[in-house]
Amino acid sequence: MWSIAVPNQLVRTLIHLGADVEDVEPIGHLALALLFALPAWILWDGRTGAAFVGFVLAMSTIPDIDIVLMRQGFPIKHHGVTHTLAFIVVLAVVAGVVAVAVLKPTLQRWWRLTEEETVQKGTIELFVVGGLILGGVSHLLGDMVAGDGYEPIEPLWPLVQAPIEFPVAHYTSPWLNGVLLAVAVTLHLGVLASGAFPLEHRFRHWRAGLTDGGTGNSSD
Ligand SMILES: [Zn+2]
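Residues numbered from 1 in each chain as written. Predicted model: local features only at pLDDT ≥ 70, side-chain atom pairs only at ≥ 80, totals over all residues.

Caption draft 1: Expanded view of the overall build of the chain. Secondary structure summary: the chain contains eight helices and zero strands in total. For the chain, the N- to C-terminal ordering of α and β elements is α-α-α-α-α-α-α-α. Across the 220 residues that make up the chain, the buried fraction comes to 31%. Nonlocal contacts in the chain, meaning residues at least 24 apart in sequence, comprise 65% of its contacts between residues at least 6 apart. (Helix = DSSP H or I, 4+ residues; strand = E, 2+ residues; numbered from the N terminus. Buried ≥ 20, exposed ≤ 12 C-beta atoms within 10 Å, placed from the backbone. Contact = placed C-beta atoms within 7 Å.)

Written out as structure tokens, the structure reads:
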């Protein structure tokens, strides 16, 4: 049991930089987020796919930002507004717009120097909006299935102002978190090994309008 508790504490410390978070089970959340990050290899490969996996994992911690905000004196509660689909979607759209405005010129300059490529607006939007929604929703799902006596979340607020939970798991279940993590890793390796992905689509490549027929161009 302690062998799971130790890495949990380590991840918790790393993620929350020492914040006292008693009601978060990082390994369970991270395993779920890893599962939700599977589209990374369906959409992209190489560095972009790996970056997307990392982004989804990072964004899966976003709903618990309420704990940090509470500590800063903001009048919100844990498992409140930041644990709603509405918050995730609005944040994702805003982040997409900001990312295009702020990052596009820099990315374009950087890519042009290193890869002789440019960056499409749609690729940045798909990466940021998609990653934030996948990570955020994976977190909400984790909090919905792990009851453990914590205040249930209202993921569909304000449309449905009622708690929605399926408390079938425990945050502290080492075997469940372990199995979830193993399944997620296996699926990632399976998709990578299948050779069937990534799919060829408009925003797969960073350079605008590129269609090389998906011949395994290694530029991304
Ligand atoms: Zn949470």
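Caption draft 2: Structural detail: the environment of arginine 202. Here arginine 202 lies in the segment after α8 (174–194). Given 13 C-beta atoms within 10 Å, arginine 202 falls into the partly exposed group. Considered as a pair, arginine 202 and glutamine 120 are 82 residues apart in the sequence and their alpha carbons are 9.7 Å apart.

Caption draft 3: Structural context of the environment of glycine 28. Tracing the sequence through the fold places glycine 28 in helix α2 (residues 26–36). Owing to 25 C-beta atoms within 10 Å, glycine 28 belongs among the buried residues under this scheme. Apart from the residues lying within four places of it in its own chain, the contact partners of glycine 28 are Gly142, Ala146, Tyr171, Asn177 and Leu180.

Caption draft 4: Fine view of the nonpolar core. If you look at the biggest cluster of nonpolar residues, it comprises 32 residues, and the most contacted ones within it are Ala33, Phe36, Ala37, Ala40, Phe52, Val56 and Leu57. Elements represented by at least two residues in this core include exactly α2, α3 (39–43), α4 (46–59), α6 (85–114) and α7 (121–145). No other element matches α7, which puts nine residues into this core. Ignoring any residue separated from it by four or fewer positions in sequence, one finds leucine 57 in contact with Leu30, Ala33, Leu34, Ala37 and Gly135. (Core = buried A, V, L, I, M, F, W, Y, C linked by C-beta atoms within 7 Å.)

Caption draft 5: Region of the structure containing unusual backbone geometry. Proline 158 follows tryptophan 157 through a cis peptide bond whose omega is 5 degrees. Within the secondary structure layout, proline 158 lies in the loop between α7 and α8. A cis geometry characterises the amide bond from phenylalanine 197 onward to proline 198, with omega recorded as 0 degrees. Note on placement: proline 198 falls in the segment after α8.

Caption draft 6: Representation of the packing of α2 against α7. Running from N to C, α2 and α7 point in directions that differ by 135 degrees, and their axes come no closer than 9 Å. In terms of orientation, α2 and α7 fall into the oblique class. Of the two elements, α2 crosses α7, and the hand of that crossing is right-handed. For the pair α2 and α7, the contacting residues are Gly28, His29, Leu32, Ala33, Leu35 and Phe36 in the first and Leu134, Gly135, Val137, Ser138, His139, Leu141 and Gly142 in the second. Per-class residue counts for the contact of α2 with α7 are seven nonpolar, six polar and no charged. (Axes fitted to C-alpha atoms, helices over the stretch in contact; angles between N-to-C directions. Parallel < 35°, antiparallel > 145°, perpendicular 65-115°, else oblique. Left-handed = near helix turned anticlockwise from the far one by under 90°. Nonpolar A, V, L, I, M, F, W, Y, C, P; charged D, E, K, R; others polar.)

Caption draft 7: How the structure looks around the packing of α4 against α7. For the pair α4 and α7, the least separation of the axes is 7 Å and the interaxial angle reads 50 degrees. It follows that α4 is oblique to α7 by the angle criterion. Taken as a pair, α4 and α7 cross one another with a handedness that is right-handed. Contacts between α4 and α7 involve Phe52, Phe55, Val56, Leu57, Ala58 and Met59 from the former and Phe127, Gly131, Leu132, Leu134, Gly135 and Gly136 from the latter.

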